[in-house]
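Chain by chain, the residues:
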Amino acid sequence: MKDAAMPPQEPSFRESVDLMFTRAVRFMDLPPGLEEKIRVCNATYTVRFGVRLRGAIHTFTGYRSVHSEHLEPVKGGIRYAMAVDQDEVEALAALMTYKCALVEVPFGGSKGGLRIDPRAWDEHELERITRRFTYELAKRDLIHPAQNVPAPDMGTGEREMAWIADAYRRMNTTDINANACVTGKPLSAGGIHGRVEATGRGLQYALREFFRHPEDVERARLAGGLEGKRIVVQGLGNVGYHAAKFLSEEDGALIVGIVERDGAIWSDEGIRVEEAKQWLMRTGSLRDCPGTKFHEEGAAVLEAECDILLPAALEGVVHRDNAARIRAPLIIEGANGPVTAGADEILRDKGTVVIPDMYANAGGVTVSYFEWVKNLSHIRFGRMQRRAEEAEHLLLVRELERLSEDRGLGWTLSPGFKDQYLRGAGELELVRSGLDDTMRTAYQSMREVWHDKPEVGDLRTAAYLVAIGRVAESYRAKGL
Ligand code: GLU
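The shown structure was predicted, so the numbers you read here are calculated from the model rather than taken from an experiment.

**Side note on the overall build of the chain**
Moving on, step 1. Helices and strands together make up the secondary structure of the chain, namely 17 helices and 13 strands.
Moving on, step 2. Against the compact-globule benchmark of 23 Å for 480 residues, the chain has a radius of gyration of 24 Å, which places it among compact chains.
Moving on, step 3. Counting every position in the chain, which comprises 480 residues, the buried fraction comes to 55%.
Moving on, step 4. Nonlocal contacts in the chain, meaning residues at least 24 apart in sequence, comprise 71% of its contacts between residues at least 6 apart.

**What about helix 17 (residues 459–477)?**
Think of an α-helix as turning once every 3.6 residues; residues three or four places apart then point the same way.
Moving on, step 1. Under the 1.5 Å per step criterion, the end-to-end length of helix 17 is 27 Å for 19 residues, consistent within 8% with the ideal 27 Å.
Moving on, step 2. Of all 19 residues in helix 17, 14 are buried, a share of seventy percent or more.
Moving on, step 3. Of the residues trailing helix 17, G479 is marked for its positive phi of about 85°.

**Some thoughts on the sheet that holds strand 7 (residues 230–234)**
Moving on, step 1. Strand order across the open sheet formed by 7 strands is 10-9-8-7-11-12-13, with mixed pairing between neighbours. Every other strand in the sheet has two partners, leaving strand 10 (293–295) and strand 13 (353–355) as the edge strands with one partner each. Between one strand axis and the next, the sheet turns through 20° on average, direction left out of account.
Moving on, step 2. Here helix 8 (residues 238–251) sits on the sheet and contacts strand 7, strand 8 (254–260) and strand 11 (308–311); the angle it forms with strand 7, its principal contact strand, is near 165°.

**A look at the site of the ligand**
Moving on, step 1. Taken together, 14 residues lie near the ligand, and K75, K99, P152, D153 and S368 sit nearest.
Moving on, step 2. Between the ligand and P152, the relevant distance is 2.9 Å, taken from a nitrogen atom to a main-chain nitrogen or oxygen of the residue.
Moving on, step 3. Here the ligand, which alone exposes 290 Å², has 94% of that area covered by the protein.
Moving on, step 4. Elements supplying a minimum of two residues to the shell around the ligand: helix 3 (86–102) and helix 13 (363–377).

**Regarding the pattern of salt bridges**
Between side chains of opposite charge, a pair can form as their charged atoms come close.
Moving on, step 1. Tallying each qualifying case throughout the model produces 47 salt bridges.
Moving on, step 2. Where R79 meets E88, a salt bridge forms, and the shortest distance between an N and an O atom there is 3.2 Å.
Moving on, step 3. By relative accessible area, E88 is classed as buried at 7%.
Moving on, step 4. For E296, the salt bridge goes to R287, with nearest N and O atoms at 3.0 Å.
Moving on, step 5. A single network of salt bridges, built from pairs that share partners, joins E197, R201, R208, E250, D251 and R432.

**Section: the confidence of the model for the chain**
Moving on, step 1. This prediction gives the chain a mean pLDDT of 96; 98% of its residues lie at or above 70.
Moving on, step 2. Across residues 1–7, where pLDDT falls below 50, the model places 0 contacts with residues more than four positions away in sequence or in other chains.

**Focus: a nonpolar patch on the surface**
Moving on, step 1. Judged by side-chain polarity, L396, L400, L409, W411, L413 and F417 come together as a nonpolar surface patch covering roughly 510 Å² of accessible area.
Moving on, step 2. Mapped onto the secondary structure, L400 falls in helix 14 (residues 386–406).

**Points about the packing of aromatic side chains**
Moving on, step 1. What the rule picks out here adds up to 12 aromatic pairs.
Moving on, step 2. Judged by centre distance (5.7 Å) and plane angle (90°), the ring pair of F107 and Y369 falls under edge-to-face. Here Y369 lies in helix 13 and F107 lies in the loop between helix 3 and strand 5 (108–115), a separation of 262 residues in the sequence.
Moving on, step 3. Judged by relative accessible area, Y369 falls into the partly exposed class, the value being 22%.
Moving on, step 4. With 6.3 Å between their ring centres and 85° between their planes, F210 and Y443 make a pair best called edge-to-face. In this pair, F210 is assigned in helix 6 (residues 198–210) and Y443 in helix 16 (residues 427–452), connecting sequence segments 233 residues apart.
Moving on, step 5. By way of ring pairs, the aromatic residues F49, F60, W121 and F133 are connected into one cluster.
Moving on, step 6. A cation sits over an aromatic face here: R201 above F246, 3.6 Å from the ring centre.
Moving on, step 7. Between R219 and the ring centre of W450, over which it is positioned, the NZ or CZ distance is 4.5 Å.

**Overview of unusual backbone geometry**
Moving on, step 1. Each neighbour pair has its own omega, and for E72 with P73 the value is 5°, a cis peptide bond.
Moving on, step 2. By the element assignment, P73 lies in the loop between strand 2 (56–68) and strand 3 (74–75).
Moving on, step 3. Residues other than glycine seldom take positive phi values, yet R221 does so here, at roughly 55°.
Moving on, step 4. With respect to the helices and strands, R221 occurs in the loop between helix 7 (214–219) and strand 7.
Moving on, step 5. With a phi angle near 65°, D288 is a residue other than glycine that sits in the positive phi range.
Moving on, step 6. Within the secondary structure layout, D288 lies in the loop between helix 9 (273–283) and strand 10.

Reading the values: the criteria
Residues numbered from 1 in each chain as written. Predicted model: local features only at pLDDT ≥ 70, side-chain atom pairs only at ≥ 80, totals over all residues. Heavy atoms only, no water. Helix = DSSP H or I, 4+ residues; strand = E, 2+ residues; numbered from the N terminus. Rg over C-alpha atoms; globule rule 2.2 N^0.38 Å. Buried < 20%, exposed > 50% of the residue type's maximum accessible area, 1.4 Å probe, protein only. Contact = heavy atoms within 4.5 Å. Expected span 1.5 Å × (residues − 1). Pairing = 2+ DSSP bridges. Axes fitted to C-alpha atoms, helices over the stretch in contact; angles between N-to-C directions. Near = heavy atom within 4 Å. Polar contact = N/O pair within 3.5 Å; in protein donor to acceptor, adjacent residues only side chain to side chain. Areas by Shrake-Rupley, 256 points an atom, 1.4 Å probe, with all protein chains shown as cover. Salt bridge = Lys/Arg side-chain N within 4 Å of Asp/Glu carboxyl O. pLDDT = per-residue confidence, 0-100. Patch = residues over 30% accessible without salt bridge, like charges linked within 9 Å, V, L, I, M, F, W, Y side chains within 5 Å. Phe/Tyr/Trp six-rings, centres within 6.5 Å; stacked < 30°, edge-to-face > 60°. Lys NZ or Arg CZ within 6 Å of the ring centre and 35° of its normal.

Set out below in structure tokens:
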């Protein structure tokens, strides 16, 4: 029993996910025992392996957790960070299950992690460590095109995925589908156009969809469209950078604040994201970034007045102690678990609308799914259709031009139309189309519950309801 006089403790990430799950299942009518079956992680494998580096043997600890195998392969990134532990990997694996279910990506949920500071090692050392980690996981089928397919996450990217794919291929020389053992690979190593930007792109599509519904916008005490909305972004890594770039350059939103490791920058006129990113890469900090004001106290900028807060770095950055001070009426979760369960309650009570991680950042796994399908079909998307589509469009354009001329109608197609209309969709266009459709459809399903069941009250709980319902349905279909 907890002492009633003690201040409530912040739950761990794992407990936060469990608390949110428990809140959602209260609104469901699951058969006895199924709730527990869905909630628990099926298995977590811990490996400790040694690699001889710099004249000594260094021991590394890694994890791969499988949360739910209701569909296979199971899917989820591999993270390289010093904070990696079993609790975190299991929470992230659970989120992957719900994320995939919500966006109808036919995978179970998994996640991996290696406790390492990737900045402390040279590239060739990281390669040896990654190849060894791959061997340890692959020999237990924890990397496998049909069973368990990793992807990038914090601290990893295309480079690590290429090493993983190559190491796996060397262990499985006759597997024609070996390339599908991991996603997020570079294009030259079996990757897909648009994967690097996918999570940021998904966030953009998610916000566009949200702003298509005036009633939803009103619930966040906002009005109008995305144009001119003032956004604070936390983290200028892959996710935060791409989301901020697309939202400012394509939707007319203003990125007024960017919070990074050592402080934050601010500009009322809107930060030029590309310049800030270049500055960060060149100097290692946002300090003195031209055209912006630097604040040492990055955490305070999270609480600044703005329309939208987009946390895109670590988990738990909005917690019990700062939640009440967050002024943004709308939060969209680019990271996994940036809002703790305790903070979620405070935000709910004060009417902040939170577009939850399992929906908002699902762009990454969605495009991973497309990459996996591409690898299994051994052909680039659009390769067969593109020119046929162009030829068909050309027929129509020619017919219109002929009609206009024959009948003396004097029609001229508007400038640019012909070019645009005649261009058949290549892989990038198809990936974007598939991602946009996925984000719209998933939002609709979440929103329906949010509106139809007033007792549910928030988008996160609605997302859990949809996701858990689908996982339960799949167990039922299996006769469990
Ligand atoms: N690590 C990303 C996530 O958390 C991507 C996972 C994937 O593509 O499998 O969603």
